[in-house]
Amino acid sequence: PATMLRAAWLQGGRLRTGLVKPLGLLHAHDNDQQQQRPPPLSFPDPRRSLHSNANDSAPPLSLWQRLTKPLRRESIVAPEGYNRWLSVPASFVVQLSIGSVYAWSIFNGPLVRTQGVVVSSADDWTLSEVVPVFSLCAATLGACTFFLGPWAERNGPRMVAAAAGVAWGGGLFLTGIGVQMHELPLLYLGYGLLGGTGWGLGYISPVSTLMKWFPDRRGMATGLGLMAFGGGAMVATPINEALLELYFQLPQYLGAVDAVSLVTEAGRRFADVGGTLQEVVVATAQDVSRLPVAAQPGVYVVGTGDSGAARTFMTLGTAYLGTIGLGAYIQRVPADGWVPPGYVPPAPLSQPQPRQEETPAEMQHHLREDLDEQIVESLDGDQLARNRAAASSAATASPAAAQSATATAAA
């Protein structure tokens, strides 16, 4: 009814009832209430307030971006006047730590006697099971440098060195856990995969950074990086030997072979210790001579000593995480366009000018010239000389003969 009344009123009808005016007043009152109604309360987004800056249109940073911002390339640009030689010790620390990977052979002996300690027992790993760990590490190095090279170039040396420290140090620590638990897969995962990843990242980052700081001495920069990398094994060898000797513990000694009653079952030797049979190993004088501490030849109880390999790996992992982290903290990169004072970058090689588009007639003409040159080059030198001589002799005889001889020589 209200719609019909309003339509009649707008059309100029004569209907003037008492319902029209109150209805219009009612709608007007509703409109006034809507205009006087306060706007709804709006609360600021707490996520935007945390990241509010001059550029409000920029999206907020994620948690990972905020955590890794100090490691990214834009955060480690060197200020003006920075001494570029300070980048050398930073790269040295990283390369020396990563270069210790070549000292793996020192661990072959302790790893094949983690249970017997003085000599390998029946449950110990064989050398053929241990040696491929380093091979996997080297293979991971190649794959890492191939696939992660662009990522390393985008994120800068500090990010890459930090990742190398986590991978290399964490891989060594995981290797120590695998030795302690006597789980061979953990050695392949720790030293082979994680250690190889840290090896690859720690190798490519310092050399690339030194070459950016020394564009005028690229050979020297590369040589410094490789010298530190190669010297890592020389530095790590005495450290590894000292740690193995520090953590080495002799197993329980039962006495000489003649003084102990031994029983052999399924390829294992047992001895009566306190009324119970325990697995033992027999060490000769040659075996004990290779140990880091003085020992006597005889019978030793399996599983009662420590070869020192597990705690050595854990100690090295913790130490290398700290040293590579220190090197990552010192890393800086030059600003875009920076060059050493007095150094003039070589001019880029001139690019060949693009060939202009040719019309079909020009293309046909050029093809004809090329074919003529090939025909002339293919002619025998003597035949060409004879044709020219015939043309010259005919020229002296008569003009008609000269024209015919010239045509023959051209053909």
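A.B. asks: Just give me the short version of a nonpolar patch on the surface, but keep the residues and values in it.
C.D. replies: A cluster of nonpolar side chains, namely Leu96, Met234, Val235 and Ile239, defines an oily patch on the protein surface of about 370 Å² accessible area. With 3 residues, the top contributor of residues to the nonpolar patch is helix H12 (residues 218-247). Here valine 235 is to be found in helix H12. Exposure remark for valine 235: the relative accessible area of 43% places this residue in the partly exposed category.

A.B. asks: Go over the side chain of histidine 182 with me, naming the residues and quoting the values.
C.D. replies: Relative to the assigned elements, histidine 182 resides in the loop between helix H10 (157-181) and helix H11 (184-213). Polar contacts involving the side chain of histidine 182 include one to the side chain of glutamine 115, which spans 3.4 Å.

A.B. asks: Lay out the packing of aromatic side chains in plain terms, naming residues and giving numbers.
C.D. replies: Each aromatic ring pair is summarised here by two numbers: the centre-to-centre distance and the angle between the ring planes. The final tally for this structure, using the stated rule, is 18 aromatic pairs. On the basis of an interplanar angle of 35° and a centroid distance of 5.4 Å, the ring pair of tyrosine 82 and tryptophan 213 is categorised as tilted. With tyrosine 82 in the loop between helix H4 (63-68) and helix H5 (87-99) and tryptophan 213 in helix H11, this residue pair connects regions lying 131 residues apart in the sequence. For tryptophan 213, a relative accessible area of 1% puts it in the buried group. Members of the aromatic cluster, joined through ring pairs, are Trp104, Phe107, Trp168, Tyr191, Phe313 and Tyr320.

A.B. asks: Explain the side chain of aspartate 287 to me, and be specific about the residues and the numbers.
C.D. replies: With respect to the helices, strands and loops of the structure, aspartate 287 is situated in helix H13 (residues 285-289). Setting aside anything within four residues of it in sequence, one finds aspartate 287 in contact with Val118, Val119 and Val282.

A.B. asks: Talk me through the sheet that holds strand E5 (residues 298-301); I want residue IDs and the actual numbers.
C.D. replies: Across a sheet, paired strands are connected by hydrogen bonds in the backbone, their directions being either parallel or antiparallel. Ordered by their spatial adjacency, 5 strands build an open sheet running E1-E5-E4-E3-E2, and the pairing between neighbours is antiparallel. Among the strands making up the open sheet, the edge pair consists of strand E1 (253-255) and strand E2 (262-265). Each strand axis lies, on average, 45° off the axis of its neighbour in the sheet, ignoring direction. Sheet topology note: the E2/strand E3 (residues 268-273) ladder contains 4 bridges and is antiparallel. What sits directly across from threonine 264, in E3, is arginine 269.

A.B. asks: Can you tell me about the nonpolar core, naming the residues and giving the values?
C.D. replies: Judged by nonpolar contacts, the single largest core of 34 residues is most densely connected at Trp104, Leu111, Trp168, Tyr191 and Phe313. Taken together, the elements giving at least two residues each to this core come down to H5, helix H8 (132-147), H10, H11, H12 and helix H14 (309-330). With 7 residues, the single largest contributor to this core is H14. Ignoring anything within four residues of it in the chain, the contact list for tyrosine 191 reads Val101, Trp104, Val133, Phe134, Cys137, Trp168, Gly171, Leu172, Thr175, Leu186, Gly196 and Phe313. Counting residues in each nonpolar core, the second largest holds 10 residues, with Val117, Val118, Ala283 and Val288 among its members.

A.B. asks: I'd love a proper account of H8, names of residues and values included.
C.D. replies: Given 3.6 residues per turn, any residue in an α-helix points the same way as the ones three and four places further on. The terminal C-alpha atoms of H8 lie 22 Å apart, and with 16 residues this matches the ideal 22 Å at 1.5 Å per residue to within 8%. For H8, the complete set of buried residues consists of Val133, Cys137, Thr140, Leu141 and Cys144. Considered in projection along H8, the buried side chains sweep an arc of 115° and stay on one side of the axis. Here the buried face of H8 lies against helix H7 (127-130), helix H9 (149-155) and H11.

About the criteria used
- Residues numbered from 1 in each chain as written.
- Predicted model: local features only at pLDDT ≥ 70, side-chain atom pairs only at ≥ 80, totals over all residues.
- Heavy atoms only, no water.
- Patch = residues over 30% accessible without salt bridge, like charges linked within 9 Å, V, L, I, M, F, W, Y side chains within 5 Å.
- Areas by Shrake-Rupley, 256 points an atom, 1.4 Å probe, with all protein chains shown as cover.
- Salt bridge = Lys/Arg side-chain N within 4 Å of Asp/Glu carboxyl O.
- Helix = DSSP H or I, 4+ residues; strand = E, 2+ residues; numbered from the N terminus.
- Buried < 20%, exposed > 50% of the residue type's maximum accessible area, 1.4 Å probe, protein only.
- Polar contact = N/O pair within 3.5 Å; in protein donor to acceptor, adjacent residues only side chain to side chain.
- Phe/Tyr/Trp six-rings, centres within 6.5 Å; stacked < 30°, edge-to-face > 60°.
- Contact = heavy atoms within 4.5 Å.
- Pairing = 2+ DSSP bridges.
- Axes fitted to C-alpha atoms, helices over the stretch in contact; angles between N-to-C directions.
- Core = buried A, V, L, I, M, F, W, Y, C linked by side-chain atoms within 4.5 Å.
- Expected span 1.5 Å × (residues − 1).
- Arc of directions from axis to C-beta.

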